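# Inside the fold
Listed below, chain by chain, are the residues.
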Amino acid sequence: MDSPLPLHVCHVNNLSVIINRLHALLHCIAIGFLIYYRASYLLQETRAIPIILWLLVFASELLLSFIWLLGRAYLWRPVSRTVFPERLPEDDKLPAIDVFICTADPEKEPAIGVMNTVLSAMALDYPVDKLHVYLSDDGGSPITLHGMREACRFAKWWLPFCRRYGIKTICPQAYFSEADSDDYFGDSEFMVEKKKIKEKYEMFEEHVTKAVEDGDYGNSQNHSTIIEIIQDTSGESETIRQADLVEMPLLIYVSREKRPDHLHHFKAGALNVLLRVSGVISNSPYILGLDCDMYCNDPTSARQAMCFHLDPKISSSLAFVQFPQKFHNINKYDIYDGRFRSAYCVQWQGMDGLKGPVLSGTGYYIKRESLYADFTHTVNDISELKDTFGKSNVLINSLHQSYKQNNANGENFSNVLQEETGVLASCRFILHCKGWTSTYLTPFRPQFLGTSTTNLNDLLIQGTRWGSGLTDVGLSRFCPLLYGPSRMSLLQSMCYGELSFFPLLYCLPLWCLATLPQLCLLNGISLYPEVSSPSFIVFSFIFISAICKHLQEVISTGGSIYTWRNEQRIWMIKSVTAHFYGSMDTILKLLGLRKASFLPTNKVLLSLYILIINFAIVEGMIVRKDKGRISTSAILLSSVFSVILLFFGSIILM
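Quick summary incoming for the structure in this document. Computed from a predicted structure; not experimentally measured. (Residues numbered from 1 in each chain as written. Predicted model: local features only at pLDDT ≥ 70, side-chain atom pairs only at ≥ 80, totals over all residues. Heavy atoms only, no water.)

## Describing the sheet that holds strand E8 (residues 295–296)
What the three strands build is an open sheet, ordered E8-E15-E10; its pairing is mixed. Every other strand in the sheet has two partners, leaving E8 and strand E10 (326–327) as the edge strands with one partner each. Pairing geometry for E10 and strand E15 (residues 448–450), over two bridges, is parallel. What sits directly across from Phe327, in E15, is Gly450. (Pairing = 2+ DSSP bridges. Helix = DSSP H or I, 4+ residues; strand = E, 2+ residues; numbered from the N terminus.)

Written out as structure tokens, the structure is:
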């Protein structure tokens, strides 16, 4: 009997593998010569350069070499994947999916945008009786609840329209803002229907906007629990076709109780509550996680993810399918590296060639089973479940029932939630440590689209927050380089190690190398070999090798030399600001000191290469007179800082 056709195939990029490994070998050899040069100086009896300066620069070069070496694991075996959703079983055999959408602040996360994300999730091309959409409102805002009711009312018009005409852009805000939004139909009936739906959408927007203008935001830190299954009771749906009345996924609003004197664990806590509530209401075996500003851009994402989850060869160990984060508000220049090209085009594909990428926090289809910890028990261990999950018999019965179903299928199902580390922590590093795998899929059409940072201040604030979180993992008992090697492959541990340590191991060396060599040069102290020295070739080769490899990665992933220049500039800026602030925040917390509060500001330290790469900053300080000009206060502050640094540096080096 012929075996069924595969639901997906994996492609190994052999050319990239050869280039990456050859470059890594040559670069390692050059680093070896650099270490020999630095170490041999320390063994000399007479030294013309102060030993402390040499050691600081040597330590910085070693740290940069170490983080570079960890990053080679990403490039060891990059892969890409293709799926065949047309080979999936019939709709009645597809598993159910719960969609989790999280929002917390209706002022920072506008309700109309959140509701568009909800509507796009409801419009996914999936059996409606197997699709359940949950919105977690951590702000407990009446505005958001009102928006959900309005979205439900509009969905009874939007969903039939999308299905009837095969609309690809299933987010109404994005669809009606497109210049040629499926006008290729050229059908008079379609155009009339589209005009009517657009009028309904404008009315929906008006109702939500009016609620926002009324300003009833509620108390985001002190409110009771609200759980509501949203239904349209307006009676307006009588004018809709009778065949379309039942074509609606279940829509649920959840606002957990929050009190000022109780820790709520932010997004992780909200996801934990959604996991419990959905376990009682729908208990679907798979979950789609979305940020409130990351709408579904393609109706087929669920079916594409199921091509992996329903593959009997990998499904037993597969935790989640990750799609890349892509953004609709970035222009072609992308001066702030808002696309995160390195992560989504290089690193995640490299990790997919090992045991799978990191869970990115949005745009993933995860197996509910993987969100429970390793707790082996028999079906009769109800008392132990209650000790962990509380006294809710309804919730316990849902877990108990799930256990029996999975046990009957021969699966090892564990039912205890990671309460200490929360859903987010368990989904990233711990999942892979426990033997779970993941896959990464990058279709040509973006499956999800969101908004990225478009100004330097937001970029640095975001980078500081991420840097603090990553460094916190690196310095915790779950340090990937210590906790990981015995539980996963060395290469995978190296990937997680690079991810958790790069903020710390970039900021310290770059601060050192951005100040000491320049100060020494001004005071006649040479930390590097002369151009005529053979050792100069080693330093030149390492510099050119790193620059060319980065440029090759950028070009091979569809970027340009402008992309390369912008990424170099943002890497330098973030390393000496956001990564530094985030790392120091974590270190202060570990020392038991009060959390530091830093305001990111733009600081320039100028060597020839840094001057060229950061010319846009110099232009903003000196040339530009428009809104893009750097403020006078920032220019004065950086100038004073530079003068003070040069003054004290000269005194110390005299």
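## Focus: the sheet that holds strand E6 (residues 250–255)
Taken in spatial order, the eight strands line up as E5-E6-E4-E3-E7-E11-E9-E14 in an open sheet, and their pairing is mixed. Each of the sheet's edge strands pairs with one partner strand only, and the pair in question is strand E5 (226–229) and strand E14 (437–440). For this sheet, the mean inter-axis angle between neighbouring strands, taken without regard to orientation, is 20°. With respect to the sheet, helix H3 (residues 111–122) is in contact with strand E3 (97–103), strand E4 (131–137), E6 and strand E7 (286–291), its orientation differing from that of E4 by roughly 165°. Contacts from helix H4 (residues 142–165) reach E3, E4, E5 and E6 within the one sheet, and its direction differs from that of E6 by about 175°. (Axes fitted to C-alpha atoms, helices over the stretch in contact; angles between N-to-C directions. Contact = heavy atoms within 4.5 Å.)

## Details of the environment of Cys520
Within the secondary structure, Cys520 is located in helix H16 (residues 516–522). Take Cys520: its relative accessible area is 0%, and that puts it in the buried class. C-alpha of Cys520 to C-alpha of Leu53: the two residues are 467 residues apart in sequence and 8.8 Å apart in space. (Buried < 20%, exposed > 50% of the residue type's maximum accessible area, 1.4 Å probe, protein only.)

## With respect to the side chain of Asp311
Looking at where Asp311 falls in the secondary structure, it is placed in the loop between helix H8 (301–309) and strand E9 (318–322). Lys313 provides the closest opposite charge to the buried, salt-bridge-free Asp311, at an N-O distance of 6.0 Å. Side-chain polar atoms of Asp311 contact the side chain of His8, separated by 2.7 Å. The residues contacting Asp311, other than those within four sequence positions of it, are Leu7 and His8. (Lys, Arg positive; Asp, Glu negative; His and termini not counted. Salt bridge = Lys/Arg side-chain N within 4 Å of Asp/Glu carboxyl O. Polar contact = N/O pair within 3.5 Å; in protein donor to acceptor, adjacent residues only side chain to side chain.)

## Observations regarding the pairing of E3
With seven of seven residues buried, E3 lies mostly within the body of the structure. Covered by surrounding structure in E3 are Ile97, Val99, Ile101 and Thr103 together with Asp98, Phe100 and Cys102, the residues of both alternating faces. Crossover handedness for the path E3 to H3 to E4: right-handed. Here six bridges tie E3 to E7, and the two strands are oriented parallel to one another. Opposite Phe100, over in E7, you have Gly289 as the bridge partner. (Right-handed = clockwise from strand over helix to strand, strands pointing away.)

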